[in-house]
Amino acid sequence: MYIILPQKYALVSGRFLIQKDFQFFILLLKVTGLLILEDEQLKKLASRQGAMIVAPNHLALWDVVYIVAEVPALICIMKESILKNPLFGGQAGRLAGYIPVNSISQMIKLAKQCLVNNDQLLIFPEGTRTKTDAQWLNPIQGGVALLAKQTSVPVIPVFIRSNSRFFEKGWPLYKKPEFPLKLSINVAEPVFMQQSETTQEFVQRLQKIYIDELSRPHPLRRAPKQ
């Protein structure tokens, strides 16, 4: 499809196929009683028009599945090794136009061009999955602030909570979680970089937004590691 379709139609086709794959996967988890998912706010995000940076905290390996299943127009920034995977890379890398992380400068350049073209970007501001010893999330990296500064597009914080640390960074692949997995996904108001604000100040403001939200009382608030 990548070879025979014009780029415009290839991108639409790739994102549609990935969305349907992810939706089917989530449906299987729900039907079998393995997953309880609250994502009503995320569904509303899919109707938002114009360029934006969707920025979830990164609890687990499959966070992207839940986000893209509801917001398929997002261009994901992913590890190059994943995009080169023969089972997944063909769809994500070529058809959907996802951005590989092989160098920070190249990634920023490609991501900026997407936003200038009025596309919507998915980036995990922590840079990697939340570490085991982190209370709420890892320190936010400067890439999201740099993109916001260079493009003036809004950053949409997304808060993912779970009753489990399944597939977090360092989770052994052989270790089973307790089912059902419970996830809650909430969406915050858009955050714009102010003209007088530095990228460092913006990162600090974003960090506070995430910590204030993730630390408040909630049935799925992150518990200390046992």
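Provided above is the structure to which this section pertains.
1. Let's talk about the pattern of salt bridges
Under the defined criterion, the tally for this structure stands at 7 salt bridges. Lys-43 is the partner of Glu-40 in a salt bridge, and the nearest nitrogen-oxygen pair spans 3.3 Å. Note that Glu-40 and Lys-43 are positioned in helix H2 (residues 40–45) at a spacing of 3 residues, about one turn of the helix. Of the residues examined, Glu-40 reaches a relative accessible area of 54% and is grouped as exposed. Salt-bridge contacts for Arg-165 lead to Glu-168; the nearest nitrogen and oxygen are separated by 3.2 Å. The pair formed by Arg-165 and Glu-168 is uniform in burial state, with each residue classed as buried. Connected via shared salt-bridge partners are Arg-161, Glu-213 and Arg-216.

2. Focus: unusual backbone geometry
Here the residue pair Phe-179 and Pro-180 is connected by a cis peptide bond, since its omega of 0 degrees sits within 30 degrees of zero. When you line up the elements, Pro-180 lands in the loop between strand S6 (155–162) and strand S7 (181–187). A positive phi angle, near 70 degrees, is found at Asn-118, a position not held by glycine. Inspection of the secondary structure puts Asn-118 in the loop between helix H6 (104–116) and strand S5 (120–122). Despite not being glycine, Phe-167 shows a phi value in the positive range, around 65 degrees. Note that Phe-167 resides in the loop between S6 and S7. Owing to a relative accessible area of 19%, Phe-167 belongs among the buried residues under this scheme.

3. Things to note about the packing of helix H7 (residues 143–151) against helix H8 (residues 199–214)
Between two packed helices, both the angle of their axes relative to each other and the distance between the axes serve to describe the pair. At a minimum axis distance of 9 Å, the contact between H7 and H8 shows a crossing angle of 120 degrees. For the element pair H7 / H8, the angle class is oblique. Crossing handedness for the pair H7 and H8: right-handed. The segment H7 lies against H8, with Val-144, Ala-145, Leu-146, Ala-148 and Lys-149 engaging Thr-199, Phe-202, Val-203 and Leu-206. Of the residues contributing to the contact of H7 with H8, the split by class is 7 nonpolar, 1 polar and 1 charged.

4. A few points about the pairing of strand S1 (residues 35–38)
As a general feature of sheets, a regular strand has side chains that alternate between the two faces. Burial along S1 is one-sided: the face carrying Leu-35 and Leu-37 is buried and the face carrying Ile-36 and Glu-38 is not. The pairing of S1 with S7 spans 4 bridges and is classified as parallel. What sits directly across from Ile-36, in S7, is Lys-182.

5. With respect to a nonpolar patch on the surface
A cluster of nonpolar side chains, namely Phe-24, Leu-27, Leu-28 and Val-31, defines an oily patch on the protein surface of about 410 Å² accessible area. In this structure, Leu-28 sits in helix H1 (residues 7–31).

6. Some words on the pairing of strand S3 (residues 74–79)
With 5 of 6 residues buried, S3 is to be regarded as a mostly interior element. Across 3 bridges, S3 lies against S5 in parallel orientation. Counted as the bridge partner of Ile-75 is Leu-121 from S5. As defined by bridge partners, S3 adjoins strand S4 (residues 99–101) across 3 bridges and the pair is classed as parallel. Note on S4: the bridge partner recorded for Met-78 is Pro-100.

7. Describing the packing of aromatic side chains
Given two aromatic rings, their pairing is described by the distance between the two centres and the angle made by the two planes. Here the structure, examined in full by the defined rule, presents 7 aromatic pairs. On the basis of an interplanar angle of 70 degrees and a centroid distance of 5.7 Å, the ring pair of Trp-62 and Tyr-66 is categorised as edge-to-face. Ring plane angle 80 degrees and centroid distance 5.5 Å describe the contact between Trp-62 and Phe-167, whose orientation is recorded as edge-to-face. With a gap of 105 residues between them, Trp-62 in the loop between strand S2 (52–56) and helix H3 (63–70) and Phe-167 in the loop between S6 and S7 connect regions that are remote in the sequence. The pair formed by Trp-62 and Phe-167 is uniform in burial state, with each residue classed as buried. Connected via pairs of aromatic rings, a cluster forms that spans Phe-25, Trp-62, Tyr-66, Phe-166, Phe-167 and Trp-171. Over the ring of Trp-171 we find Lys-175; its NZ or CZ atom is 4.5 Å from the centre of that ring.

What counts, and at which threshold
Residues numbered from 1 in each chain as written. Predicted model: local features only at pLDDT ≥ 70, side-chain atom pairs only at ≥ 80, totals over all residues. Heavy atoms only, no water. Salt bridge = Lys/Arg side-chain N within 4 Å of Asp/Glu carboxyl O. Helix = DSSP H or I, 4+ residues; strand = E, 2+ residues; numbered from the N terminus. Buried < 20%, exposed > 50% of the residue type's maximum accessible area, 1.4 Å probe, protein only. Axes fitted to C-alpha atoms, helices over the stretch in contact; angles between N-to-C directions. Parallel < 35°, antiparallel > 145°, perpendicular 65-115°, else oblique. Left-handed = near helix turned anticlockwise from the far one by under 90°. Contact = heavy atoms within 4.5 Å. Nonpolar A, V, L, I, M, F, W, Y, C, P; charged D, E, K, R; others polar. Pairing = 2+ DSSP bridges. Patch = residues over 30% accessible without salt bridge, like charges linked within 9 Å, V, L, I, M, F, W, Y side chains within 5 Å. Areas by Shrake-Rupley, 256 points an atom, 1.4 Å probe, with all protein chains shown as cover. Phe/Tyr/Trp six-rings, centres within 6.5 Å; stacked < 30°, edge-to-face > 60°. Lys NZ or Arg CZ within 6 Å of the ring centre and 35° of its normal.

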